[in-house]
Amino acid sequence: MTEVLALIDYGAGNLHSVANALKAAGAPNVAVTADPDVVRAADRVVLPGVGSFRACAEGLWGIPGMVEAMTERVQVGGAPFLGICVGMQLLATRGLEHGVTQGLDWIAGEVCLIERTDPAIKIPHMGWNDVALGRHDPAGGLIEAGEAYFLHSYHFAPDDGRAVAAMTDHGGGLVAAVGRDNVVGVQFHPEKSQDYGLSLLSRFLEWKP
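## A few points about the sheet that holds strand β5 (residues 94-95)
Inference 1: Taken in spatial order, the four strands of this open sheet run β6-β5-β7-β10, and their pairing is mixed. Of all strands in the sheet, those with a lone pairing partner are β6 (101-102) and β10 (154-158), marking the two edges.
Inference 2: One ladder, built from two bridges, connects β5 with β6; its direction is antiparallel. Paired with Arg 94 across the bridge in β6 is Gln 102.

## As for the packing of helix α1 (residues 15-24) against helix α6 (residues 194-206)
Inference 1: At a minimum axis separation of 8 Å, α1 and α6 run at an interaxial angle of 70°. Classified by the angle between their axes, α1 and α6 sit roughly perpendicular to one another. For α1 against α6, the interelement crossing comes out right-handed. Here Ala 21, Leu 22 and Ala 24 of α1 lie close against α6, whose contacting residues are Leu 198, Leu 201 and Leu 205.

## Thoughts on unusual backbone geometry
Inference 1: With an omega dihedral of 10°, the bond running from Ile 123 to Pro 124 counts as a cis peptide bond.
Inference 2: With respect to the helices and strands, Pro 124 occurs in the loop between β7 (109-113) and β8 (125-133).
Inference 3: Positive phi is not limited to glycine here, since His 98 has a value of about 60°.
Inference 4: For His 98, a relative accessible area of 55% gives the class exposed.
Inference 5: The backbone of Asp 105 sits at a positive phi, close to 60°, despite the residue not being glycine.
Inference 6: Tracing the backbone shows Asp 105 in the loop between β6 and β7.

So, how was this worked out
- Residues numbered from 1 in each chain as written.
- Predicted model: local features only at pLDDT ≥ 70, side-chain atom pairs only at ≥ 80, totals over all residues.
- Heavy atoms only, no water.
- Pairing = 2+ DSSP bridges.
- Helix = DSSP H or I, 4+ residues; strand = E, 2+ residues; numbered from the N terminus.
- Axes fitted to C-alpha atoms, helices over the stretch in contact; angles between N-to-C directions.
- Parallel < 35°, antiparallel > 145°, perpendicular 65-115°, else oblique.
- Left-handed = near helix turned anticlockwise from the far one by under 90°.
- Contact = heavy atoms within 4.5 Å.
- Buried < 20%, exposed > 50% of the residue type's maximum accessible area, 1.4 Å probe, protein only.

Here's what the structure looks like:
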């Protein structure tokens, strides 16, 4: 049986680009979906995200039963999960963009504004930057060192440093990837990161956490 990958459509992601990248990485069956039942039956789940934390959270919770279906399939059922950009940030307990907004709380922490520690540092953090592996490997070998494309003004600050899979530097350290068990999130955009991004997506399609 061909695996089904559910790419969640909640009005907050560049779905076409992500779907094409997943197919280029070898995904045989990408279901772009806003149907909780499709998510509940999927073999793998990808949550993209572009825009503000609040807008993305409102879009996700605005689909009746979607968060419950994600929780059932990923947290209970153990399906491999990948969050991209704001999709990664939504794993946090809360976001502080435009006020306090609750996240999924799958990986405890906050999403807060990147602090400008150097006048030369531009926010948003935009463009290519290094992905350096953290001291721990909560992503089970999924993340490798390299260079990826970033675009964000807010960053994920996990409560537990052991959840950090990779870091990048933009006037100071910023979390580039987080993980726990079968859940991984990346702050960068694999679909815009050329060979590095396609390689990551290819590993995700084979990943058996």
